[in-house]
Amino acid sequence: MLTSVSLDDFRGYVALAATFGPGAQLVWGPNAAGKTSLLEALVVCARGASHRTLADAELIRWDAPFARIEARREQPGMDPLELDVTLVREGPAGGRKRIRVNGVPRRVAALAGLLRVVVFAPEEMLLIVGSPALRRGMLDALAAQRSPAHPADLAAYARVLAQRNALLRAIREGGAGRNQLPPWDAKLIDAGVAVIVTRQRALHDLAGPLAAAHAEIADDEGRLTITYESNVVPAPGETPREALTRRLAETAEKEGWNGATLVGPHRDDLAFRLDDRDMATFASRGQQRTAILALKLAELDLLTSHDGRAPLLL
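Residues numbered from 1 in each chain as written. Predicted model: local features only at pLDDT ≥ 70, side-chain atom pairs only at ≥ 80, totals over all residues. Heavy atoms only, no water.

This next bit is on the overall build of the protein. Broken down by element type, the protein carries eight helices and 11 strands. Along the three orthogonal principal directions, the C-alpha set of the protein runs to about 60 × 55 × 40 Å. When burial is assessed residue by residue, the protein has 45% of its 314 residues classed as buried. Looking at the protein alone, contacts between residues at least 24 apart form 65% of all its contacts between residues at least 6 apart. Counting every atom, the protein has about 15900 Å² of accessible surface; 55% of that belongs to carbon and sulfur. Of note, the protein has its 39 positive side-chain charges centred 5 Å away from the centre of its 38 negative side-chain charges. (Helix = DSSP H or I, 4+ residues; strand = E, 2+ residues; numbered from the N terminus. Buried < 20%, exposed > 50% of the residue type's maximum accessible area, 1.4 Å probe, protein only. Contact = heavy atoms within 4.5 Å. Areas by Shrake-Rupley, 256 points an atom, 1.4 Å probe, with all protein chains shown as cover. Lys, Arg positive; Asp, Glu negative; His and termini not counted. Charge placed at Lys NZ, Arg CZ, Asp CG, Glu CD.)

Now for the nonpolar core. Of all hydrophobic cores here, the largest spans 32 residues; its most connected members are V5, L7, F10, C45, I69 and L83. Breaking this core down by element, the ones donating at least two residues are β1 (2-8), α1 (35-47), β3 (66-73), β4 (81-89) and β5 (95-101). Leave out the neighbours within four places in its chain, and I69 touches V5, S6, L7, F10, A41, V44, C45, L83, D84 and V85. Formed by 29 residues, the second largest nonpolar core is a distinct cluster that contains L224, A283, L295 and L303. (Core = buried A, V, L, I, M, F, W, Y, C linked by side-chain atoms within 4.5 Å.)

Glancing now at the sheet that holds strand β9 (residues 269-274). An order of β8-β9-β10 is seen for the three strands of this open sheet, with the pairing classed as antiparallel. Two strands bound the open sheet, and with one partner strand each, they are β8 (224-229) and β10 (277-278). Of the pairings in the sheet, the one linking β8 to β9 comprises six bridges and is antiparallel in character. The residue bridging E229 from the neighbouring strand is D269, located in β9. Packing of helix α2 (residues 132-146) onto the sheet brings it into contact with β8 and β9, and relative to β9 it is tilted by some 90°. In this fold helix α4 (residues 182-217) packs onto β8 and β9, with an angle of close to 170° to the strand it touches most, β8. (Pairing = 2+ DSSP bridges. Axes fitted to C-alpha atoms, helices over the stretch in contact; angles between N-to-C directions.)

The six strands are arranged β2-β1-β3-β4-β5-β6 in an open sheet whose pairing can be described as antiparallel. In the strand order of this sheet, the two ends are held by β2 (15-19) and β6 (104-106), each with one partner. Each strand axis lies, on average, 15° off the axis of its neighbour in the sheet, ignoring direction. Alignment of β5 against β6, held across three bridges, turns out to be antiparallel. Opposite V101, over in β6, you have V104 as the bridge partner.

Worth remembering: the numbers are spatial, not functional.
Structure follows, in structure tokens:
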């Protein structure tokens, strides 16, 4: 149970200290009172990043040098958990992030699974018809709360991808040779396969709770499924590693023209389907909202079944 949260110079807050008792909590107030910012702060404590922006500097109150969030969780049979996230402004968009768990400095990846949250925000309404990045982010957030290694795998993949893309641009411009690619290919394959396998496992485990939740709230609309749409589809008998290796070879010439990596988990997507029909192209707004609500209920059930600890529903 979340028992307290305090904010300093976070978004529009100069300072806030709030305590919570057991059961559901209702935060009420007029527009621009800070309700969404309070929930966003809890997401930052849980994930080390906002679900609304990629720029940490946007989370710091205007003209303040830093923002700080502290949260305390108490769970029966477990030691109390104290989380402290400090965001330090550096430049118009960038900054440094300092994280402490029970007073001990830690990396962002160490937050995975400590304070589990399921977020139902206005932005979620774009999950079905919005950009693939939204859907990948949803799945990665879920996977990270079940597999603590996933954030580190994602970070490793992002680093290798950036370095490989820089090399591909240099090759295109004549500043490097293709004989320099194999070491980066190997690293991309290692990190990419880890990301793909964890994502697919999370989606597989979500299928049952998702179908049950949707049937409970909209049993007349058909069966809801989410499929993983990969650009690295294994051929019969192929492992994910073999498939990614093959696809990199198949796209090598086109990558040279584009100066960018064209296959891998950074290009994958998810498809919401009702009775095998793509909801992005045929479903009504009401059906889309129902599907997203079912997804959030399924996330709650899946994370609770992991170890019996129910996550926070924000």
